[in-house]
Amino acid sequence: METLEFKIRIKASPEKIWSVLWEDETYKKWTSAFCEGSYAVSDWNEGDKIHFMSPGGEGMNSIIEKKIPNEYMAFKHIGEIKDFKELPLNEETEKWSGYMETYRLIPDDEFTDLVSQVDVIEKHIDYFKDAFPKGLETVKELAEK
C-alpha cells in the first residue's frame, strides 16, 4: 500500500469548497475525473455506509469514518459493488479493505488548502496520480465561480 497526497489552493471559503465536494450535483462533476457518470449513495452522516458508484452498477462500499463539517471527511473503503450489490470480501479486496481516503480543508486568509490523502494498491497508483489532480482542479473551478 502507498498513501498518495494531493493538495490544491483554492480562493474560496471552506464552506463553499465543502458544498462543492459533497453536494450531489457538484460531486458528480468533480468525480467524473475518476469515472464519467459516477455518483455517491449516502446520507453523508458519520458512521453511515456510502456507495461510490458508476452508472453501470459497479463501485465501492465504504463507511464515513469521520466527518467534521467544513473541515474534514474520512472514508474507510470496505469492498466492491457489482450489479448494484455489495460483494463479499475475496482475496483481492482483502488486500485493500480498510484503506482510507481523506479530505481536509485548511483556511488561510482568502484561500483554503484542500488536502486529500488516499491509500492505494500499487496497480492503481498511476491511475490516481492522473485522475486526482483533474478532480481537484474541477473542485477549484466550481468553488471559485
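Residues numbered from 1 in each chain as written. Predicted model: local features only at pLDDT ≥ 70, side-chain atom pairs only at ≥ 80, totals over all residues. Heavy atoms only, no water.

### Examining the confidence of the model for the chain
1) Next: Model confidence for the chain is summarised by a mean pLDDT of 95, while 100% of its residues fall at 70 or above.
2) Next: Looking across the chain, the model is least confident in helix α3 (residues 91-94), with a mean pLDDT of 86, and most confident in helix α1 (residues 14-22), with 98. (pLDDT = per-residue confidence, 0-100. Helix = DSSP H or I, 4+ residues; strand = E, 2+ residues; numbered from the N terminus.)

### A closer look at the packing of α1 against helix α4 (residues 125-143)
1) Next: Orientation of α1 relative to α4, taken along the N-to-C sense of each, is 125°, at an axis distance of 9 Å. By the angle between their axes, α1 is oblique relative to α4. The interaxial crossing formed by α1 with α4 has right-handed handedness. Contacts between α1 and α4 pair Lys 16, Ile 17, Val 20 and Leu 21 from the former with Val 139, Leu 142 and Ala 143 from the latter.
2) Next: Classifying every residue of the contact of α1 with α4 by side-chain character gives six nonpolar, no polar and one charged. (Axes fitted to C-alpha atoms, helices over the stretch in contact; angles between N-to-C directions. Parallel < 35°, antiparallel > 145°, perpendicular 65-115°, else oblique. Left-handed = near helix turned anticlockwise from the far one by under 90°. Contact = heavy atoms within 4.5 Å. Nonpolar A, V, L, I, M, F, W, Y, C, P; charged D, E, K, R; others polar.)

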